[in-house]
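The primary structure of each chain is shown beneath.
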Amino acid sequence: MISLLVALAAFTAMADAQVITWFSSCPEVTTQENFVLLPYMGRWYEISKYPNRWQTGQCGTANYTLESDNTVRVNNTQIMDDGSSNTVMGQVRADPNSDIASHLQVRFSSCKSYLFGKIR
């Protein structure tokens, strides 16, 4: 019984650290004021990730390159269990329906529509 209570307490602590919206409305998110895109260019290294079906490898990196049309080329790479690398290319652009610099859209296929995002 004590181990069940300890497990329940640990689960509750982990769940409390997450932003879960399954049973309620979405949280109100404010975006970063005075956002400047240029400092985010370059290579970023994955420290941790949530489990997901499209990113099953390890040692993930994201490389962001500013293009002449002010879009950002995204190169996400991971190392698979067999040692091979897996790469997906994407594109980020400013949200054309917003005048707020931190409202961006991303897509990982030129055949797909952009997904909306906001830099917090």
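Quick caveat: nothing in here was measured; it's all calculated off a predicted structure.

A separate point is the overall build of the protein chain. A count of helices and strands for the protein chain gives one helix and six strands. Listing each helix as α and each strand as β along the protein chain from the N terminus yields α-β-β-β-β-β-β. Within the protein chain, the proportion of its 120 residues that are buried is 17%. In the protein chain, of all internal contacts separated by at least 6 residues, the share reaching a separation of at least 24 is 21%. Within the structure as shown, the protein chain displays about 9,700 Å² of accessible surface, and the carbon and sulfur contribution to it stands at 58%.

Our next topic: unusual backbone geometry. Not every positive phi belongs to a glycine, and Asn34 is a case in point at roughly 55°. Among the secondary structure elements, Asn34 is positioned in the loop between helix 1 (2–16) and strand 1 (42–45). Taking the relative accessible area as the measure of exposure, Asn34 reaches 72% and is therefore exposed. Even without a glycine there, the phi angle at Cys59 is positive, about 55°. Tracing the sequence through the fold places Cys59 in strand 2 (residues 58–66). Among the residues examined, Cys59 registers a relative accessible area of 60% and is labelled exposed.

Under the counting rule described, the total for this entry stands at two aromatic pairs. For the pair Tyr40 and Trp44, a centre-to-centre distance of 6.0 Å together with 15° between the ring planes defines the contact as stacked. Owing to a relative accessible area of 40%, Trp44 belongs among the partly exposed residues under this scheme.

Bringing a nonpolar patch on the surface into the picture now. Together, Val36, Leu38 and Leu66 give the surface a local cluster of nonpolar side chains, amounting to about 270 Å² of exposed area. The residue Leu66 is located in strand 2 in this model. Leu66 gets classed as partly exposed once you look at its relative accessible area, which sits at 36%.

So, on to the confidence of the model for the protein chain. Chain-level pLDDT for the protein chain is 79 on average; 72% of the residues reach the 70-or-more range. The secondary-structure element of the protein chain with the lowest mean pLDDT is helix 1, recorded at 45, while strand 1 shows the highest, at 96.

Let's shift gears to the nonpolar core. A general tendency of soluble globular proteins is for nonpolar side chains to be buried together. The biggest cluster of nonpolar side chains holds six residues, and these are Phe35, Met41, Val72, Val74, Val92 and Leu104. Setting aside chain neighbours within four positions, we find Val74 in contact with Asn63, Tyr64, Val88, Met89, Gly90, Gln91, Val92 and Phe108.

Time to look at the environment of Met41. As for its position among the elements, Met41 is in the loop between helix 1 and strand 1. Distance in space between the C-alpha atoms of Met41 and Asn63 is 7.3 Å, their sequence separation being 22 residues.

Now for the pattern of salt bridges. Oppositely charged side chains can pair when the atoms bearing their charge come close. The full count for this structure, using the stated rule, is two salt bridges. Among the ionic pairs, Glu46 bridges to Lys49, the shortest N-O distance being 3.9 Å.

Calculation notes
- Residues numbered from 1 in each chain as written.
- Predicted model: local features only at pLDDT ≥ 70, side-chain atom pairs only at ≥ 80, totals over all residues.
- Heavy atoms only, no water.
- Helix = DSSP H or I, 4+ residues; strand = E, 2+ residues; numbered from the N terminus.
- Buried < 20%, exposed > 50% of the residue type's maximum accessible area, 1.4 Å probe, protein only.
- Contact = heavy atoms within 4.5 Å.
- Areas by Shrake-Rupley, 256 points an atom, 1.4 Å probe, with all protein chains shown as cover.
- Phe/Tyr/Trp six-rings, centres within 6.5 Å; stacked < 30°, edge-to-face > 60°.
- Patch = residues over 30% accessible without salt bridge, like charges linked within 9 Å, V, L, I, M, F, W, Y side chains within 5 Å.
- Salt bridge = Lys/Arg side-chain N within 4 Å of Asp/Glu carboxyl O.
- pLDDT = per-residue confidence, 0-100.
- Core = buried A, V, L, I, M, F, W, Y, C linked by side-chain atoms within 4.5 Å.

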